[in-house]
Amino acid sequence: MSIDTEQFRVALLEERQRVERAIANLRDDHPGTIDDEVEEITGASDNHLAETATATLDREIDFTLEENSNQVLTEIDAALKRIEGGTYGTCTKCGREIAAERLEAYPWASLCIDDARKAERG
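All values derive from a computational prediction rather than experimental measurement.

Enquirer: Give me the lowdown on the pattern of salt bridges, citing residues and values where you can.
Expert: If you walk through the whole model with that rule in mind, you get eight salt bridges. Where Arg-9 meets Glu-6, a salt bridge forms, and the shortest distance between an N and an O atom there is 3.0 Å. Remark: Glu-6 and Arg-9 occur in helix H1 (residues 5-29); sequence separation between them is three residues, near one turn of the helix. Salt-bridge contacts for Lys-118 lead to Asp-115; the nearest nitrogen and oxygen are separated by 3.9 Å. Taken together, the residues span about one helical turn, with Lys-118 and Asp-115 both in helix H5 (residues 113-121) at a distance of three residues. Relative accessible area serves as the criterion here: at 6%, Asp-115 is assigned to the buried category. Through salt bridges with shared partners, a single network forms among Glu-6, Arg-9 and Glu-84.

Enquirer: Lay out H1 with the relevant residues and their values.
Expert: For the α-helix, the turn length of 3.6 residues means that residues three or four positions removed from each other point alike. For H1, which comprises 25 residues, the first-to-last C-alpha distance of 36 Å matches the rise-based estimate of 36 Å (1.5 Å per residue) to within 8%. Taken together, the buried positions of H1 are Phe-8, Leu-12, Glu-15, Arg-16, Val-19, Ile-23 and Leu-26. For H1, the N-terminal cap is Asp-4; the gap from its side-chain oxygen to the backbone nitrogen of Glu-6 is 3.2 Å.

Enquirer: Please set out the environment of Arg-82 residue by residue, giving values where relevant.
Expert: Along the chain, Arg-82 falls in helix H3 (residues 48-85). Each C-alpha atom of the pair Arg-82 and Thr-5 lies 9.9 Å from the other, and the pair is 77 residues apart in sequence. Not counting the four nearest positions on each side in its chain, Arg-82 is found in contact with Thr-87, Tyr-88, Thr-92, Trp-108, Ala-109 and Ser-110.

Enquirer: Quick rundown of a nonpolar patch on the surface? Include the residues and the values.
Expert: Among the surface-exposed residues, Leu-57, Ile-61 and Leu-65 lie close enough to one another that they form a single nonpolar patch of about 270 Å² accessible area. Tracing the sequence through the fold places Leu-65 in helix H3. The class of Leu-65 is partly exposed, set by a relative accessible area of 42%.

Enquirer: How would you explain the nonpolar core if you had to name every residue and give the values?
Expert: Core analysis: the largest hydrophobic core is formed by 15 residues, its most contacted members being Leu-12, Ile-83, Tyr-88 and Leu-103. For this core, the secondary-structure elements that each account for two or more residues are H1 and H3. Ranked by residue count, the leading element in this core is H3, at four residues. Excluding residues within four positions of it along the chain, Leu-12 makes contact with Ile-76, Ala-79, Leu-80, Ile-83, Tyr-88, Pro-107 and Trp-108.

Rules used in this analysis
Residues numbered from 1 in each chain as written. Predicted model: local features only at pLDDT ≥ 70, side-chain atom pairs only at ≥ 80, totals over all residues. Heavy atoms only, no water. Salt bridge = Lys/Arg side-chain N within 4 Å of Asp/Glu carboxyl O. Helix = DSSP H or I, 4+ residues; strand = E, 2+ residues; numbered from the N terminus. Buried < 20%, exposed > 50% of the residue type's maximum accessible area, 1.4 Å probe, protein only. Expected span 1.5 Å × (residues − 1). Polar contact = N/O pair within 3.5 Å; in protein donor to acceptor, adjacent residues only side chain to side chain. Contact = heavy atoms within 4.5 Å. Patch = residues over 30% accessible without salt bridge, like charges linked within 9 Å, V, L, I, M, F, W, Y side chains within 5 Å. Areas by Shrake-Rupley, 256 points an atom, 1.4 Å probe, with all protein chains shown as cover. Core = buried A, V, L, I, M, F, W, Y, C linked by side-chain atoms within 4.5 Å.

Just geometry here; none of it tells us what the structure is for.
As structure tokens, then:
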């Protein structure tokens, strides 16, 4: 298989910027701590229990989104290193080529579809 690694490098760098912007937006939406937000709610409202629960849930969702985004950044960086090392497009588990369609959908993919399915099943 002959893949255009430069095309994938550009796509990975663009995706990296997009994910970094998303993380920054999450942080901008909630610059303080959850304690600061709860303190603000309890002092300003009679319905503070419900609002506190909502704020806590919102923070948990944002935390999970940020955690997932950081994982994607790690995978993107690893893919960029594989491009530099000349191993991009090769499954890190079995050594077979990763299908171009898979790389187009997930340019940071490090496993062929068979090994990815096995990993998902545990």
